[in-house]
Amino acid sequence: MSTLTIAGAPVDADAEGFLTNPGQWTEAMAPEIAAAAGIPELTDRHWQVIRYMRDAYARTGSSPNVRLLGKASGVPVKELYALFPKGPAKLAARIAGVPKPRGCI
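So, here is what we can say about the structure in this document.

What counts, and where the lines are drawn
Residues numbered from 1 in each chain as written. Predicted model: local features only at pLDDT ≥ 70, side-chain atom pairs only at ≥ 80, totals over all residues. Heavy atoms only, no water. Helix = DSSP H or I, 4+ residues; strand = E, 2+ residues; numbered from the N terminus. Rg over C-alpha atoms; globule rule 2.2 N^0.38 Å. Buried < 20%, exposed > 50% of the residue type's maximum accessible area, 1.4 Å probe, protein only. Core = buried A, V, L, I, M, F, W, Y, C linked by side-chain atoms within 4.5 Å. Contact = heavy atoms within 4.5 Å. Pairing = 2+ DSSP bridges. Salt bridge = Lys/Arg side-chain N within 4 Å of Asp/Glu carboxyl O. Expected span 1.5 Å × (residues − 1).

**Some remarks on the overall build of the protein**
- A tally of regular secondary structure across the protein gives five helices and two strands.
- Reading the helices (α) and strands (β) of the protein from amino to carboxyl end gives β-β-α-α-α-α-α.
- In summary, the protein has a C-alpha radius of gyration of 12 Å against a globular reference of 13 Å for 105 residues, a match within 12%.
- Reported as C-alpha extents along the three principal axes, the dimensions of the protein are approximately 35 × 30 × 25 Å.

**A short note on the environment of Asp12**
- Take Asp12: it is sitting in strand 2 (residues 9–13).
- A relative accessible area of 23% places Asp12 in the partly exposed class.
- Spatially, the C-alpha atoms of Asp12 and Pro22 are 9.1 Å apart, while their sequence positions differ by 10 residues.

**Quick word on the nonpolar core**
- In terms of nonpolar packing, the biggest core is built from 29 residues, with Trp25, Val49, Ile50, Met53, Phe84 and Ile95 touching the most fellow members.
- Counting only elements with at least two residues in this core, the list comes to helix 1 (29–36), helix 2 (44–60), helix 4 (77–83) and helix 5 (88–96).
- With residues near it in sequence (within four places) discarded, Val49 still touches Leu69, Ser73, Val75, Leu80, Phe84 and Ala92.

**Concerning the pairing of strand 2**
- Bridge analysis of strand 1 (residues 2–6) against strand 2 gives five bridges, and the strand direction is antiparallel. Looking across to strand 2, one finds that Leu4 is bridged to Val11.
- The hairpin formed by strand 1 and strand 2 contains two residues between the paired strands, and Ala7 there has a positive phi angle of roughly 55°.

**Some points on the pattern of salt bridges**
- One pass over the full model with this rule turns up five salt bridges.
- Of the charged contacts, one joins Glu16 and Lys90 as a salt bridge, the two residues approaching to 3.4 Å between their closest N and O atoms. In this pair, Glu16 sits in the loop between strand 2 and helix 1 while Lys90 sits in helix 5, placing the two residues 74 residues apart along the sequence.
- Residue class for Glu16 comes out partly exposed when judged on its relative accessible area of 35%.
- Under the relative-accessibility criterion, Lys90 is labelled buried at 18%.
- Overlapping salt bridges bring together Glu16, Lys90 and Lys100 as one network.

**Looking at helix 2**
- End to end, helix 2 covers 24 Å across 17 residues, agreeing with the expected 24 Å (1.5 Å per residue, within 8%).
- Within helix 2, burial applies to His46, Trp47, Val49, Ile50, Tyr52, Met53 and Ala56.

Okay, structure coming up:
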């Protein structure tokens, strides 16, 4: 585990950059995390997914995989891949400050 500074705040993160304490996350951190991952701007659709990820994690204690994310977030899987290239559930979870979904490599 390491400490990173995101949007001016120290946060605890694992080796892959996932926050180990989702309570440390703020919305101000999302654009910085996204930019570092190659997403220059977060649209309303990005935020819809990010907020769904946080809500799902708060309700269940785990992050949804891409299949569940596509069914429950209101954003189809094909669009998820356009919004969050190269692994939408994993990337959306990192930006949302929640743990990596199970089954993600």
